[in-house]
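Structural features, examined
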Amino acid sequence: MHEDGNGDGRGSAPEASTRGVDREFLSLERELTVLLRRARANQGEMAREVHPDLESAAYGLLVRLEECGRQRATELAGYIGVGKATMSRQLRALEELGLIAREPDPADGRAWLVDLTEEGRTRVGRVREARRARYVSQLAHWDRGEVAELARLLRQLNQGMAK
């Protein structure tokens, strides 16, 4: 099968080789593989656009902070799906780059709240706006309803996978 999506979608293996697996789910798996591989590559590019020394994995933290505002490190770790030590290391690196700041949580003196700095907000906003412009350009031939439906289905998929 063409994993990169450049083929006709039928692959070279005969249909009998699916051994009872629904073709729709095989197609879904193939397309998600391509999408996720491209998303990882794009995330790395976007991270470097925010800051040349920014790790790819930390980009998602910055986006989450831009969208939701300041949060506890434990909330971020739960959302991203990493452990406390990994989150602490990523936050320390982001703080050293001047993209985030930490402050004590007034509701719990043992916890810290994390938020974007003005510099972090500016850089992340600029990169996200450029990405949205690329989506608009790449999907200009799509009907707006199709774009909305794709977003709705991806949200439904993400919510289902989070459970």
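Residues numbered from 1 in each chain as written. Predicted model: local features only at pLDDT ≥ 70, side-chain atom pairs only at ≥ 80, totals over all residues. Heavy atoms only, no water.

Before going further, it helps to examine the nonpolar core. V50, L54, L62, L91, L94 and I100 are the most contacted members of the largest nonpolar core, which has 21 residues in total. At the level of elements, α1 (23-50), α2 (59-68), α3 (73-80), α4 (84-96), β3 (108-116) and α5 (118-138) are the ones that each hand at least two residues to this core. Element by element, the count of residues in this core is highest for α2, at five residues. Contacts of L91, omitting those with residues within four sequence positions, involve L61, A73, L76, I100, R102 and V114. (Core = buried A, V, L, I, M, F, W, Y, C linked by side-chain atoms within 4.5 Å. Buried < 20%, exposed > 50% of the residue type's maximum accessible area, 1.4 Å probe, protein only. Helix = DSSP H or I, 4+ residues; strand = E, 2+ residues; numbered from the N terminus. Contact = heavy atoms within 4.5 Å.)

Applying the stated rule across the entire model yields zero aromatic pairs. Seen from the ring of Y79, R64 lies directly overhead, with NZ or CZ sitting 3.7 Å from the centre. (Phe/Tyr/Trp six-rings, centres within 6.5 Å; stacked < 30°, edge-to-face > 60°. Lys NZ or Arg CZ within 6 Å of the ring centre and 35° of its normal.)

Orientation of α1 relative to α5, taken along the N-to-C sense of each, is 140°, at an axis distance of 9 Å. One way to sum up the angle between α1 and α5 is to call them oblique. Here α1 and α5 pass one another in a crossing that is right-handed. Along the contact surface, α1 presents M46, E49 and V50, while α5 presents R123, V124, V127, R131 and R134. In terms of residue class, the contact of α1 with α5 is built from four nonpolar, no polar and four charged. (Axes fitted to C-alpha atoms, helices over the stretch in contact; angles between N-to-C directions. Parallel < 35°, antiparallel > 145°, perpendicular 65-115°, else oblique. Left-handed = near helix turned anticlockwise from the far one by under 90°. Nonpolar A, V, L, I, M, F, W, Y, C, P; charged D, E, K, R; others polar.)

Everything listed is a geometric property; what it means functionally is a separate question.
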